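These are the residues of each chain, in order.
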Amino acid sequence: MRLLLTLVAAALAASVQAADYAGPLFDAHLHYNVEAQAPHPPADVLGRMRRSGVKAIIANSRPNDGTHALAASPLAREAGVTVVPFVRLYRNRADYDNWFRDDSIYRMVESELARGTASGPFRGLGEFHLYDSGNANGPVAKKLMVLAEEKNLAVLAHVDDTAVDLLMASTPSKGQKLRLIWAHTGIGGPSPARVEELLKKYPLLMGELSYRPGLTCEGGKLCAPWRELMLKFPDRFVIGSDTWINQRWESYEDLMKGYRTWLGELPPEVARRIAWDNGAKLFQLP
Ligand SMILES: [Zn+2]
């Protein structure tokens, strides 16, 4: 009898422990920068994606040749990874602090868009950074937001909540038609209430969740306010690796495992949307 009770208790404990999400992942924030390419050639990074169950990536790189290399690689198809290429606004580190007012960046974007990649046209712009939100009103930043909306390009922006409003205000539709993927959903950690306000204001705003402060609590589990937000807006979040330094490549598989852990706590259909469907829908992937 005691043995039976022990077995029943163990079975109950196992059933409340959620299983990790096991479906496909869309990595919506990936860099393949110049310093990554020698230690981590395409076969290496694509192997990490394959082993992690990543089936599509938003690829961008400083400079853009890393993205071209991934888009042209037959290994991507072999690994079952769809490359969604974005034009990065940076040729080098100095461009981080100047792109929003440097007209040569605008011309570089135009020429990259005209050139396209081996796996098809560029689908977006970014990632770009604004460390001072006022620079969202820089002349080149404004022109690029107009260009993005007119050419139906998505935008991957590492900015604060004030800059989201400013960037959206620069578009012809005042933010109603721009697909803006908000990197980290605000790395400074605006409150879930403020995130909700912006999601309601801009119908195509998406929150990308790498490095998001306050997202996970003890044991890598979702914190309650974020779980609530995801259940309320299941179509508005995506995940990403943000391989901005090589160390992120080295921990790529662990990063994706971390996502699978908290995704597993959500209802399966919500997990699947955040893991894959929302990103796939943004770019009309099957
Ligand atoms: Zn990044």
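Residues numbered from 1 in each chain as written. Predicted model: local features only at pLDDT ≥ 70, side-chain atom pairs only at ≥ 80, totals over all residues. Heavy atoms only, no water.

**Focus: the overall build of the protein chain**
Of the regular secondary structure elements, the protein chain holds 13 helices and 8 strands. Out of the 286 residues belonging to the protein chain, those deemed buried represent 54%. Relative to all contacts within the protein chain whose residues are 6 or more apart in sequence, the contacts with residues 24 or more apart total 79%. As displayed, the protein chain has an accessible area near 12,400 Å², and 57% of this comes from carbon and sulfur atoms. Put simply, the protein chain has 34 plus and 32 minus side-chain charges, and the middle of one group is 4 Å from the middle of the other. (Helix = DSSP H or I, 4+ residues; strand = E, 2+ residues; numbered from the N terminus. Buried < 20%, exposed > 50% of the residue type's maximum accessible area, 1.4 Å probe, protein only. Contact = heavy atoms within 4.5 Å. Areas by Shrake-Rupley, 256 points an atom, 1.4 Å probe, with all protein chains shown as cover. Lys, Arg positive; Asp, Glu negative; His and termini not counted. Charge placed at Lys NZ, Arg CZ, Asp CG, Glu CD.)

**Describing the coordination of the zinc ion**
Around the zinc ion, the protein contributes the donor atoms H29 (NE2), H31 (NE2), E127 (OE) and D242 (OD), which lie 2.0 to 2.3 Å from the metal centre. Metal-centred angles of 84 to 171° between the 4 donor atoms at the zinc ion mark the site as irregular. (Donors = N, O, S within 2.8 Å, 3.2 Å for Na, K, Ca; no water. Tetrahedral: all angles 85-135°; square planar, octahedral: opposite > 155°, others 65-115°.)

**As for the pairing of strand β4 (residues 124-129)**
Taking burial as the measure, the 6 residues of β4 include 6 buried ones, the bulk of the element. As paired elements, strand β3 (residues 82-87) and β4 share 2 bridges and run parallel to each other. In the sheet register, F86 faces β4, and the bridge partner there is G124. As paired strands, β4 and strand β5 (residues 154-158) are joined by 5 bridges and run parallel to one another. Paired with G126 across the strands is L156, a residue of β5. The β-α-β motif built from β4, the intervening helix α7 (residues 139-150) and the parallel element β5 has right-handed crossover chirality. (Pairing = 2+ DSSP bridges. Right-handed = clockwise from strand over helix to strand, strands pointing away.)

**As for the sheet that holds strand β6 (residues 180-182)**
If you walk across this open sheet you meet the 8 strands as β1-β2-β3-β4-β5-β6-β7-β8, and the pairing is parallel. Edge positions in the open sheet fall to β1 (25-31) and β8 (237-238), since each of these has one partner strand only. Two elements, β5 and β6, share 3 bridges in a ladder whose sense is parallel. In the sheet register, A157 faces β6, and the bridge partner there is W182.

**Points about helix α9 (residues 192-201)**
Burial in α9 covers these residues: R194, V195, E196, L198 and L199. On its buried face, α9 sits against α8 (161-169), β6, α10 (224-232) and β8.

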